[in-house]
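Chain by chain, the residues run as shown.
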Amino acid sequence: MSEYQHRARKRFGQNFLHDAGVIHRILRAIFAREGEHMLEIGPGQGALTEGLLSSGAQLDVIELDRDLVPILQHQFGSNPRFRLNQGDALKFDFNQLQAAPRSLRVVGNLPYNISTPLIFHLLSNAALIRDMHFMLQKEVVERMAAVPGGGDWGRLSIMVQYHCRVEHLFNVGPGAFNPPPKVDSAIVRLVPHEVLPHPAKDHHLLERVVREAFNQRRKTLRNTLKNLLPADAIEAAGVDGSLRPEQLDLAAFVRLADKLAEHPNAD
Ligand code: SAM
């Protein structure tokens, strides 16, 4: 066993990519270029890191597992365009990267247990980000890219699509990883909107309306929203209160949130 051998850790969600064809396909989809500022979350043993650096881009990485630090430093530390940040990406202050507005290109084969909170953490810094490419559980990508009317349309679809254009690029089977995960994966591209297509007066109120509406997705909006908005306020927002939440598009949820902003119940 070499001094740099590392055993995958379950608690850090470590499933390392080892299929060269899949790695190449991901790197081609990202298409990093010289002079760009890339941020890789969870570089692991460097499966994607190598190709990202060889593009000529500047690369920041954030890795939680301290045991991977010497492996990554040994492999990439001599490159002046490489900067390793050891820590938890969920707590990372992205302002410390001193990135220009809309410049950061974020990449990650993410541990499945942190993917949703991490994407929300990144979206709260959306102004810094040009695009994001993630490997996620396939069902999560399907929910992000969903359209209204189906079972996949819900809180995640709405809040991600509020901030970003979503593209489900391709699927990746468990055999591409070591150890193989129990689920199928997919690559998603998220591009923050330059101008929000449906800006809410207060996006916290949008989150609140959406959370409340989908708490009981089989009930009518009139029913699920009764603690937030009276039936006449729902109608005044141009929304039919007898519909179920999955039948409403993003624009309709924004109208409800804006109605809540006018309403004395809003705090
Ligand atoms: N990018 C590598 C690859 O494709 O082979 C590793 C992917 S592995 C699924 C996820 C990586 O994220 C692991 O290296 C793990 O240690 C790291 N990680 C887990 N939780 C993290 C967190 N909260 N912040 C930063 N990195 C994390």
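This one's a predicted model, so the numbers in the text were calculated from it and none came from an experiment.

Engineer: I would appreciate a short explanation of the environment of Leu228 in the present structure.
Structural biologist: Within the secondary structure, Leu228 sits in the loop between helix H8 (221-224) and helix H9 (231-236). Along the primary structure Leu228 and His263 are separated by 35 residues, whereas in three dimensions their C-alpha atoms are 8.8 Å apart.

Engineer: What is the right way to read the nonpolar core from this model?
Structural biologist: Nonpolar side chains tend toward joint burial in soluble globular proteins. Formed by 31 residues in total, the largest nonpolar core has its most connected members in Leu122, Met132, Phe134, Leu136, Met144, Val160 and Leu190. Elements with a contribution of two residues or more to this core: strand E2 (37-41), strand E5 (104-109), helix H4 (115-123), strand E6 (129-137), helix H5 (138-144), helix H6 (155-163), strand E7 (164-172) and strand E9 (185-192). Leave out the neighbours within four places in its chain, and Phe134 touches Val106, Val107, Gly108, Leu110, Ile119, Leu122, Ala186, Ile187, Val188 and Leu190.

Engineer: Explanation requested: the sheet that holds E2 in the structure shown.
Structural biologist: Picture the strands of a sheet paired through backbone hydrogen bonds; they go either parallel or antiparallel. Strands sit in the order E4-E3-E2-E5-E6-E9-E7 across an open sheet of seven strands; the sheet is mixed. If you trace the sheet from one side to the other, it starts and ends with strand E4 (82-86) and E7, each paired once. Each strand of the sheet is rotated relative to its neighbour by a mean of 15 degrees, with strand direction disregarded. Seen against the sheet, helix H3 (residues 69-76) touches strand E3 (58-63) and E4 and runs at an angle of roughly 175 degrees to E4. In this fold H4 packs onto E2, E5, E6, E7 and E9, with an angle of close to 175 degrees to the strand it touches most, E6.

Engineer: Is there a simple way to explain the site of the ligand in this structure?
Structural biologist: With respect to spatial proximity, 22 residues lie near the ligand, and among them Leu17, Gly42, Glu63, Asp88 and Asn109 are the closest. Contact between the ligand and Leu64: a nitrogen atom at 3.3 Å from a main-chain N or O atom of the residue. Structurally, the ligand is housed in the largest pocket. Looking at the shell around the ligand residue by residue, the classes come out as eleven nonpolar, seven polar and four charged.

Engineer: What's the story with the UniProt feature "binding site: S-adenosyl-L-methionine" (unreviewed entry) in the protein in this structure? I'm lost.
Structural biologist: The positions UniProt marks with the feature "binding site: S-adenosyl-L-methionine" (unreviewed entry) are Asn15, Leu17, Gly42, Glu63, Asp88 and Asn109. The subset of the named residues that lines the largest cavity consists of Leu17 and Asn109. On the secondary structure map, Gly42 appears in the loop between E2 and helix H2 (49-54). Since its relative accessible area comes to 27%, Gly42 is described here as partly exposed. Dropping the residues within four chain positions of it, Gly42 is found in contact with Ile62, Glu63 and Asn109. For Asn109, the position within the fold is in strand E5. Looking at Asn109, the relative accessible area reads 17%, which means it is buried.

Conventions we followed
- Residues numbered from 1 in each chain as written.
- Predicted model: local features only at pLDDT ≥ 70, side-chain atom pairs only at ≥ 80, totals over all residues.
- Heavy atoms only, no water.
- Helix = DSSP H or I, 4+ residues; strand = E, 2+ residues; numbered from the N terminus.
- Core = buried A, V, L, I, M, F, W, Y, C linked by side-chain atoms within 4.5 Å.
- Buried < 20%, exposed > 50% of the residue type's maximum accessible area, 1.4 Å probe, protein only.
- Contact = heavy atoms within 4.5 Å.
- Pairing = 2+ DSSP bridges.
- Axes fitted to C-alpha atoms, helices over the stretch in contact; angles between N-to-C directions.
- Near = heavy atom within 4 Å.
- Polar contact = N/O pair within 3.5 Å; in protein donor to acceptor, adjacent residues only side chain to side chain.
- 1 Å grid on protein atoms, 1.4 Å probe; cavity = no way out; pocket = protein on both sides within 12 Å on 5 of 7 lines; lining within 4 Å.
- Sits in = over half its atoms within 2 Å of the grid points.
- Nonpolar A, V, L, I, M, F, W, Y, C, P; charged D, E, K, R; others polar.
- UniProt positions renumbered as here; feature names shortened; annotations may be inferred.

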